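Take a look at the letters that make up each chain.
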Amino acid sequence: ALTGSKQKLSGYVSGPIIPDVLSFSAFGNVSKQKEADESLGGGVETPRGTRDFDLTGRLTWTPSADQVIDLEAGFGRERYIPYLEPGEADTPTTIERTSVSLRHVGEWDFGTSTVTGFMENAENKHTITDRLGDVLGNSITVRSYTLDGKLAMPLDYFWSDGLTIGSEFRYEELDDPENLGKAN
């Protein structure tokens, strides 16, 4: 196969902690991919094998029939050795992602509100060198923060319809010594 054989295991578990009030769910994946056969690639550069996993858990609290609060957290890691030109150093790369979110959904007389706060951190860990081979750093990091809110309301005047209004605030940071701030 062009990208090598792959094995993957996925799982999901869910259930109540306190029936009708508090529940938990978790899901995840583990996978491993063998190195590709370069002779089948037709000149396409492919990673030399990967090992990945991710795991996410969600706690759902339902304090009343019309209010739901979700807390979710996840972590994932991908490790691979990129395609290398002859003579290049063997530098494995690890990409790690961590995410956390908090969401409230409320049913009201006038409609349904949803407010979500979300944070994600992703880090690409590998040795970063300049053109002379001097080490500049060992990671590229991206952080993002999002606050999102919306209100969905039914409109029953001359006909039945719906109106949704909302907004989103997003802030992102990038720390990339390999590509930012260098003269080309």
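Note that the structure is predicted; figures quoted are calculated from it, not measured. (Residues numbered from 1 in each chain as written. Predicted model: local features only at pLDDT ≥ 70, side-chain atom pairs only at ≥ 80, totals over all residues. Heavy atoms only, no water.)

### With respect to the pattern of salt bridges
Okay, step 1: If you walk through the whole model with that rule in mind, you get six salt bridges.
Okay, step 2: Salt-bridge contacts for R103 lead to D70; the nearest nitrogen and oxygen are separated by 2.6 Å. Placement of the pair is R103 in strand β5 (residues 93-108) and D70 in strand β4 (residues 67-80), with a sequence separation of 33 residues.
Okay, step 3: Overall, the relative accessible area of 9% leaves D70 in the buried class.
Okay, step 4: Of the charged contacts in the structure, one is a salt bridge between E96 and K125, with a shortest N-O distance of 3.2 Å. With E96 in strand β5 and K125 in strand β6 (residues 111-129), the pair connects residues that are 29 residues apart, well separated along the chain.
Okay, step 5: For E96, a relative accessible area of 14% translates into the label buried.
Okay, step 6: Through salt bridges with shared partners, a single network forms among R77, E96 and K125. (Salt bridge = Lys/Arg side-chain N within 4 Å of Asp/Glu carboxyl O. Helix = DSSP H or I, 4+ residues; strand = E, 2+ residues; numbered from the N terminus. Buried < 20%, exposed > 50% of the residue type's maximum accessible area, 1.4 Å probe, protein only.)

### Overview of the packing of aromatic side chains
Okay, step 1: As enumerated under the stated definition, the model contains five aromatic pairs in all.
Okay, step 2: Centroid distance W108 to F110: 6.4 Å. Interplanar angle 5 degrees. Geometry classified as stacked.
Okay, step 3: The exposure class assigned to W108 is partly exposed, which follows from its relative accessible area of 39%.
Okay, step 4: The exposure class assigned to F110 is partly exposed, which follows from its relative accessible area of 48%. (Phe/Tyr/Trp six-rings, centres within 6.5 Å; stacked < 30°, edge-to-face > 60°.)

### Some details on the pairing of β4
Okay, step 1: Bridge count between strand β3 (residues 50-64) and β4: 13 bridges; the pairing is antiparallel. In the sheet register, L59 faces β4, and the bridge partner there is L71.
Okay, step 2: Turn length for the β3-β4 hairpin, with the two strands adjacent in sequence and antiparallel, is two residues.
Okay, step 3: As defined by bridge partners, β4 adjoins β5 across 14 bridges and the pair is classed as antiparallel. Its bridge partner lying in β5, G76 is registered against R97. (Pairing = 2+ DSSP bridges.)

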